[in-house]
Amino acid sequence: MKTNLPEAINKAAEILSRAKSVVIFTGAGMSAESGIATFRDPGGLWDRFDPEEVGTAEGIMSFLSEGGDKIREIIREVVESFGAARPNAGHLALAELEKMGLIRSVITQNIDNLHREAGNTKVFEVHGNLFRFRCLNCEKKFFVDREDLLGRLRDIAQGAGPLSLEGILERIPRCACGGVSRPDVVMFGESVQELDESIFEAHQSDVMLVLGTSGAVYPAAMVPQQARKAGAILIEVNPTEKVFAAENDVYIREKAAIAMPLIVEELKKKKRK
Ligand code: NAD
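The following paragraphs examine the structure supplied in this document. (Residues numbered from 1 in each chain as written. Predicted model: local features only at pLDDT ≥ 70, side-chain atom pairs only at ≥ 80, totals over all residues. Heavy atoms only, no water.)

## Let's talk about the sheet that holds strand β1 (residues 22–26)
Line of reasoning, step 1. Taken together, six strands build an open sheet; the order of strands is β3-β2-β1-β7-β8-β9 and the sheet is parallel. Two strands in the sheet have a free side with no partner beyond their single neighbour: β3 (123–125) and β9 (250–252). When the angles between neighbouring strand axes are averaged without regard to direction, this sheet yields 15 degrees.
Line of reasoning, step 2. The pairing of strand β7 (residues 207–211) with strand β8 (residues 233–237) spans five bridges and is parallel. Across the sheet, the residue bridging to Met 208 is Leu 234, located in β8.
Line of reasoning, step 3. Relative to β9, helix α1 (residues 5–18) is tilted by about 135 degrees, and along the sheet it contacts β1, β7, β8 and β9. (Pairing = 2+ DSSP bridges. Helix = DSSP H or I, 4+ residues; strand = E, 2+ residues; numbered from the N terminus. Axes fitted to C-alpha atoms, helices over the stretch in contact; angles between N-to-C directions. Contact = heavy atoms within 4.5 Å.)

Structure follows, in structure tokens:
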């Protein structure tokens, strides 16, 4: 049966208002309205670069050996999209749900730090965070200011002449111990982060809100599956495809940045009644 938008929003709000433990699971679609292209939607960075090539140490080394032009182009695109990115209405609605005491945690596949910037405090980032660095010497992790990091990357992107690994390392933040650090993001072939914690959260949820993911990247895609296995109802928001929602779940065919504020509005109305 086809459900229209107001009906689906209302149903989602009804379920959320009665839920005991709501966990959020997000993917790249969550940040589309912040100007960061998703993996699978056309027109983004990933139409021109093979992520399995760009997203591995071997791929980066081979680009560098060619003089670094491709790396410069990739860094330029990252600076452009991540530099302008701010939390959108969907992120802000999730932060508001936390303030209303309605959500337990956020699990995200995104590396853009936007859930934290919006105000969510319990965030699990299975693919890491571009604005967090990890020391290769002492393993300590530290956050880097968005503008500071993007300024450093802009320098690399705009530089002239051959680009070397040393040239990049010189510009990225050093750990307090003096060690070289790297962005704490999960590259292809590396282990995901906080997966056990995310699965635990999924098992604790009675409702999981699934926003903007194709469910194609494993093991992250196990998280909503585990929530369902533990008996949770899923509320899925995605403007183009239904990936996880089954018969007794709710599917909202809409952008996260539009649907989430509508859900929050509906929840507030229910609270006032
Ligand atoms: P994906 O690109 O595979 O799928 C995006 C999904 O979002 C699609 O199902 C699409 O229909 C949906 N979508 C598109 N616009 C939307 C919108 N406005 N609102 C809601 N949904 C929308 O993304 P994925 O499943 O997260 O997997 C890709 C991986 O790439 C992630 O694991 C992530 O690590 C990485 N990635 C991260 C970012 C980021 O940090 N913002 C951006 C691109 C890719």
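## Here's the deal with the sheet that holds strand β5 (residues 141–143)
Line of reasoning, step 1. Read from one edge to the other, the open sheet built from three strands follows the order β5-β4-β6, with strand pairing classed as antiparallel. Each having just a single partner strand, β5 and β6 (181–185) make up the two edges of the open sheet. Within this sheet the neighbouring strands show an average axis-to-axis angle of 40 degrees, counted without direction.
Line of reasoning, step 2. Two strands pair when backbone bridges link them, and strand β4 (residues 128–135) and β5 are joined in this way by three bridges, in the antiparallel orientation. Bridge pairing links Arg 132 to Phe 143 in β5.

## Re the state of the cysteines
Line of reasoning, step 1. The final tally for this structure, using the stated rule, is zero disulfides.
Line of reasoning, step 2. Sulfur of Cys 135: no disulfide; nearest cysteine sulfur belongs to Cys 177 and is 3.6 Å away.
Line of reasoning, step 3. Among the residues examined, Cys 135 registers a relative accessible area of 0% and is labelled buried.
Line of reasoning, step 4. Classification of Cys 177 by relative accessible area gives partly exposed; the value is 41%. (Disulfide = S-S within 2.5 Å. Buried < 20%, exposed > 50% of the residue type's maximum accessible area, 1.4 Å probe, protein only.)

## Structural notes on the environment of Ile 9
Line of reasoning, step 1. In this structure, Ile 9 sits in helix α1.
Line of reasoning, step 2. Assessed through its relative accessible area of 4%, Ile 9 is described here as buried.
Line of reasoning, step 3. C-alpha separation for the pair Ile 9 and Glu 241, spaced 232 residues apart in sequence, amounts to 17 Å.
Line of reasoning, step 4. Contacts of Ile 9, omitting those with residues within four sequence positions, involve Ile 252, Ala 259, Leu 262, Ile 263 and Glu 266.

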